[in-house]
Amino acid sequence: MKTQSVTLPIFTSDGQFVAHYSENGLVELDFPSVGRAPSFHCRRRGNESQISPTSSAPARDSSRRLLQTKIRHWHRTTEAALKAVLAGGAVKALPPLDWSGKTEFQKSVWRALRKIRCGQTKSYGEIARAIGRPRAVRAVGGACGANPIPVLIPCHRVLAANGKIGGFSGGLNRKRELLAREGVSL
DNA sequence: CACTCGATCAGCG
DNA sequence: CGCTGATCGAGTG
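Model, not experiment: these values are computed from the prediction.

**Student:** Sorry, what's going on with the environment of Leu178 here?
**Tutor:** Its location among the elements puts Leu178 in helix 5 (residues 172–181). Each C-alpha atom of the pair Leu178 and Pro154 lies 9.6 Å from the other, and the pair is 24 residues apart in sequence. Apart from the residues within four sequence positions on either side, Leu178 is in contact with Leu86, Val151, His156 and Phe168.

**Student:** Sorry, what's going on with the protein's contact with DNA strand C here?
**Tutor:** Near DNA strand C the following residues occur: Thr103, Phe105, Gln106, Arg133, Arg135, Ala136, Arg138 and Ala139. Per the 4 Å cut-off to the protein, sugar and phosphate atoms form 88% of the nearby atoms of DNA strand C. For DNA strand C, a phosphate oxygen lies 3.0 Å from a polar atom in the side chain of Arg133. With respect to DNA strand C, the side chain of Arg135 contributes an N or O atom lying 3.1 Å from a phosphate oxygen. Counting residues per element, the ones that place at least two in the surface near DNA strand C are helix 2 (104–114) and helix 4 (137–145). Residues that form the surface near DNA strand C fall into these classes: 3 nonpolar, 2 polar and 3 charged.

**Student:** I'm lost on the nonpolar core in this one. Help?
**Tutor:** The tendency in soluble globular proteins is for nonpolar side chains to be buried side by side. In terms of nonpolar packing, the biggest core is built from 38 residues, with Val109 and Leu113 touching the most fellow members. For this core, the secondary-structure elements that each account for two or more residues are strand 1 (6–12), strand 2 (15–22), strand 3 (25–30), helix 1 (57–86), helix 2, helix 3 (124–130) and helix 4. No other element matches helix 1, which puts 7 residues into this core. The contact partners of Val109, leaving out residues within four places of it in the chain, are Ile127, Ile131, Val140, Ala143 and Cys144.

**Student:** Can you walk me through the packing of aromatic side chains in this structure?
**Tutor:** The way to describe two aromatic rings as a pair is by their centre distance and the angle between their planes. Summed over the entire model, instances satisfying the criterion amount to 4 aromatic pairs. Seen in terms of ring centroids, Phe31 and Phe168 are 5.9 Å apart; in terms of plane orientation they differ by 70°. Their pairing is edge-to-face. Note that Phe31 is positioned in the loop between strand 3 and helix 1 and Phe168 in the loop between strand 5 (158–159) and helix 5, a separation of 137 residues in sequence. Each member of the pair, Phe31 together with Phe168, is buried. One aromatic cluster is present, formed by Phe17, Phe31 and Phe168 through successive ring pairs.

**Student:** Sorry if this is basic, but what is going on with the packing of helix 2 against helix 4 here?
**Tutor:** In a pair of packed helices, the angle between the axes and the distance between the axes together describe the arrangement. Closest axis-to-axis distance for the helix 2/helix 4 pair is 9 Å, and the angle between their directions is 80°. It follows that helix 2 is roughly perpendicular to helix 4 by the angle criterion. Packed against helix 2, whose contacting residues are Phe105, Gln106, Val109, Trp110 and Leu113, the element helix 4 presents Ala139, Val140, Ala143 and Cys144 at the interface.

Scoring rules and cut-offs
Residues numbered from 1 in each chain as written. Chains lettered and ligands numbered in written order. Predicted model: local features only at pLDDT ≥ 70, side-chain atom pairs only at ≥ 80, totals over all residues. Heavy atoms only, no water. Helix = DSSP H or I, 4+ residues; strand = E, 2+ residues; numbered from the N terminus. Contact = heavy atoms within 4.5 Å. Near = heavy atom within 4 Å. Polar contact = N/O pair within 3.5 Å; in protein donor to acceptor, adjacent residues only side chain to side chain. Nonpolar A, V, L, I, M, F, W, Y, C, P; charged D, E, K, R; others polar. Core = buried A, V, L, I, M, F, W, Y, C linked by side-chain atoms within 4.5 Å. Buried < 20%, exposed > 50% of the residue type's maximum accessible area, 1.4 Å probe, protein only. Phe/Tyr/Trp six-rings, centres within 6.5 Å; stacked < 30°, edge-to-face > 60°. Axes fitted to C-alpha atoms, helices over the stretch in contact; angles between N-to-C directions. Parallel < 35°, antiparallel > 145°, perpendicular 65-115°, else oblique.

What follows is the structure, encoded as structure tokens:
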């Protein structure tokens, strides 16, 4: 089964985010690009996406519509979650996340990140201990940096052990702002 | 394989 | 403070 990826915008007061979905869930969330980000028609990728290679044309069409309906529903959830966090609040629900192709280590780090609640922070070392790899401290930083779903998977809540800011792939200003909105002071 | 590079950290001066 | 060594996952050739 080939994947059909769908790209949808989310307009917020912080700019236009972009969410990417597969048939299995949310794959990626992009920060607003510095320039503008046009072209928001649904985009297909891979060779023609057969949900089932042997299905008849009407059956394919019906599957495709079901998928689109499902994705629209996920997208509403994503949108609500994103706006909640941007407003310094807590996420009520997330759509299913598609982490296929990622390593076990990364997934375990990201699972740990999800447990950090709004307004809380942890250090890279604490995450390392939480996943049972107490010495993989720098590697945890690497996995945070590889987080495909920033903000919703709250890697911005991970600080350096000395209380300093640490890094952020989306830019430290964003990290500071997100934390400030959650009431975290450095 | 054998490298290199980090969003780290604790220890030491 | 700043420097250094230990540590380890991921990426590259």
